[in-house]
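Here are the chains, one letter per residue:
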Amino acid sequence: MFGAFRASTVSQGGLLWKARMKMDLSPTQKANIRKRLKAADDVVMKIQQSGVECNALTKLKAEPTEAQMPAKDKYTVFSRTFKGYRKSVHKVPHFTKVAVPRTAPAGF
């Protein structure tokens, strides 16, 4: 239909995805991620010092600590569907509640 009342993307809902496509995180977001990683490292260290032994703890000890991780691994995660195979950690659903992998596959 042509004219003043024609259908357009704006009149039918506007922008579909409101989230920014860039992976730039604010300094506050980065600081919160580092604080969360340090807190997780502290918990693993305290459990290790208590003398508990289990497979999950062995796997966690093999992971790098926050200080050993490069910035690329702190703020992004591997994703085979994204261009460049990396996406911002803030695009991971419930990233504050689930364990986000600290290492990427070799070569990514």
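What counts and how
Residues numbered from 1 in each chain as written. Predicted model: local features only at pLDDT ≥ 70, side-chain atom pairs only at ≥ 80, totals over all residues. Heavy atoms only, no water. Patch = residues over 30% accessible without salt bridge, like charges linked within 9 Å, V, L, I, M, F, W, Y side chains within 5 Å. Areas by Shrake-Rupley, 256 points an atom, 1.4 Å probe, with all protein chains shown as cover. Salt bridge = Lys/Arg side-chain N within 4 Å of Asp/Glu carboxyl O. Helix = DSSP H or I, 4+ residues; strand = E, 2+ residues; numbered from the N terminus. Buried < 20%, exposed > 50% of the residue type's maximum accessible area, 1.4 Å probe, protein only. Contact = heavy atoms within 4.5 Å. Expected span 1.5 Å × (residues − 1). Phe/Tyr/Trp six-rings, centres within 6.5 Å; stacked < 30°, edge-to-face > 60°. Lys NZ or Arg CZ within 6 Å of the ring centre and 35° of its normal.

Per an unreviewed UniProt entry, the chain carries the name Mitochondrial ribosomal protein L31 and comes from Linnemannia exigua.

On the surface, Val43, Ile47 and Val52 cluster together into a nonpolar patch covering about 220 Å² of accessible area. In this fold, Val43 is placed in helix α1 (residues 27-50). Accessibility expressed as a relative area gives 47% for Val43, which makes it partly exposed.

The next subject is the environment of Ala104. With respect to the element layout, Ala104 can be found in the segment after β2 (86-88). Distance in space between the C-alpha atoms of Ala104 and Ser79 is 9.3 Å, their sequence separation being 25 residues. Leaving out residues up to four positions away in the same chain, Ala104 has contacts with Asp73, Phe78 and Arg86.

Under the counting rule described, the total for this entry stands at four salt bridges. Between Asp41 and Arg102 there is a salt bridge, and its shortest N-O distance comes to 2.7 Å. Taken together, the positions of Asp41 in helix α1 and Arg102 in the segment after β2 put the pair 61 residues apart, joining distant regions of the chain. Since its relative accessible area comes to 19%, Asp41 is described here as buried. Assessed through its relative accessible area of 12%, Arg102 is described here as buried. Asp42 is the salt-bridge partner of Lys46, the closest N and O atoms lying 3.5 Å from each other.

The next thing to look at is the side chain of Glu66. Within the secondary structure, Glu66 sits in the loop between α2 (55-62) and α3 (71-75). Beyond its immediate chain neighbours, meaning those up to four positions away, Glu66 contacts Arg34, Leu37, Lys38, Asp41, Lys74 and Arg102.

The terminal C-alpha atoms of α1, which comprises 24 residues, lie 35 Å apart, in line with the 34 Å expected from a rise of 1.5 Å per residue. Taken together, the buried residues of α1 touch α2 and α3. Just downstream of α1, Gly51 is the residue with a positive phi angle, here 95 degrees.

The next subject is the packing of aromatic side chains. Overall, the coordinates contain three aromatic pairs when judged by the stated rule. On the numbers, 6.3 Å between centres and 15 degrees between planes, the contact of Phe78 with Tyr85 is stacked. For Phe78, a relative accessible area of 31% puts it in the partly exposed group. Classification of Tyr85 by relative accessible area gives partly exposed; the value is 38%. Ring geometry for Phe78 and Phe108: centres 5.0 Å apart, planes at 55 degrees, overall tilted. Taken as a pair, Phe78 in strand β1 (residues 76-78) and Phe108 in the segment after β2 lie far apart in primary sequence, 30 residues in all. Linked through ring pairs, Phe78, Tyr85 and Phe108 together constitute an aromatic cluster. Positioned over the ring face of Tyr75 is Lys30, at 5.2 Å from the centre of the ring.

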